[in-house]
Amino acid sequence: MIVTHSYWSGLFHCYEIEDFPRTNNDLEHAFGMLRHHQRLCTGRKVAPSSLVIRGSVKLACAIATKLHSFTASDLAQVDIVTWLELRSQLQKHHKARIEQYRFRRDPKAYLANLESRLL
């Protein structure tokens, strides 16, 4: 008798879904693949900071394009409202990172500018 027969149904659901990562190693491989391709594209030795901000989008795109070849007509069928929401979220993250950079570069000037705007 196989030991896994005694486990409840759904415990190993990863085997019921095709192309679903089976282990943490498979997930780590997916992230590593994305990081490796980012390094190849940018020429940097480390992953770019945009991977932190847009990582959820880039990872989904990398996995989707690996599994399926998209045509121009596939890409044209986009929900504009969802795209605009995602775009606004990315812009908010981008503005926050710019402010963080400005503060790190010159904290006194950043705080003085902030104080003058508040008063």
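Residues numbered from 1 in each chain as written. Predicted model: local features only at pLDDT ≥ 70, side-chain atom pairs only at ≥ 80, totals over all residues. Heavy atoms only, no water.

1. Overview of the overall build of the protein chain
We count it as follows: Helix and strand definitions follow DSSP, with helices as H or I runs of at least four residues and strands as E runs of at least two, each counted in order from the N terminus. Summary of the burial criterion: residues with accessible area below 20% of their type's maximum are buried, those above 50% are exposed, and those between are partly exposed, where the area comes from a 1.4 Å probe applied to protein chains only. Two residues form a contact once any of their heavy atoms are found within 4.5 Å. For every accessible area listed, the method is Shrake-Rupley and the probe measures 1.4 Å; residues are considered covered only by the protein chains on display.
When helices and strands are tallied, the protein chain shows five helices and zero strands. Starting at the N terminus and ending at the C terminus, the protein chain contains elements arranged as α-α-α-α-α. Within the protein chain, buried positions represent 11% of all 119 residues. A fraction of 38% describes how many contacts in the protein chain between residues 6 or more apart in sequence connect residues 24 or more apart. Total accessible area on the protein chain stands at roughly 10400 Å², and carbon and sulfur atoms take up 59% of it.

2. Brief notes about the packing of helix 4 (residues 80-105) against helix 5 (residues 107-118)
Our working rule: Axis definition: a line fitted to C-alpha atoms, over the contacting stretch in the case of helices. Angles run 0 to 180 degrees between N-to-C directions. Here the word oblique covers every angle except those under 35 degrees (roughly parallel), over 145 (roughly antiparallel) and from 65 to 115 (roughly perpendicular). Nonpolar residues are Ala, Val, Leu, Ile, Met, Phe, Trp, Tyr, Cys and Pro. Charged residues are Asp, Glu, Lys and Arg, and all others, Gly as well, are polar.
Where helix 4 meets helix 5, the axes come as close as 5 Å, and the angle between the chain directions of the two elements is 120°. Compared by their axis directions, helix 4 and helix 5 come out oblique. For the pair formed by helix 4 and helix 5, the contact residues are Glu-99, Arg-102, Phe-103, Arg-104 and Arg-105 on the first element and Pro-107, Tyr-110 and Leu-111 on the second. Classifying every residue of the contact of helix 4 with helix 5 by side-chain character gives four nonpolar, no polar and four charged.

3. Comments concerning the pattern of salt bridges
Under the convention used in this document: Definition used for salt bridges: Asp or Glu carboxyl oxygen within 4 Å of a side-chain nitrogen of Lys or Arg.
Summed over the entire model, instances satisfying the criterion amount to one salt bridge. Measuring nitrogen to oxygen at the nearest pair gives 3.2 Å for the salt bridge that ties Glu-99 to Arg-102. You can see Glu-99 and its partner Arg-102 sitting in helix 4, three residues apart, about one turn around the helix. Overall, Arg-102 belongs to the partly exposed group, its relative accessible area being 41%.

4. Brief notes about the packing of aromatic side chains
The following threshold applies: Each Phe, Tyr or Trp ring (for Trp, its six-membered ring) is paired with any other whose centre lies within 6.5 Å, and the angle between the two planes then decides the class: stacked below 30 degrees, edge-to-face above 60, tilted in between.
One pass over the structure, following the stated rule, counts one aromatic pair. With a centroid separation of 5.6 Å and 80° between ring planes, the pair formed by Phe-103 and Tyr-110 is classed as edge-to-face. What makes Tyr-110 partly exposed here is its relative accessible area of 22%.

5. Overview of a nonpolar patch on the surface
Worth spelling out the cut-off: Only residues whose relative accessible area exceeds 30% and that take part in no salt bridge are eligible for patches, with like-charged residues grouped when within 9 Å of each other and nonpolar side chains (Val, Leu, Ile, Met, Phe, Trp, Tyr) grouped when within 5 Å.
A contiguous nonpolar surface patch, about 400 Å² in accessible area, is contributed by Val-78, Ile-80, Trp-83 and Leu-84. Tracing the sequence through the fold places Leu-84 in helix 4.

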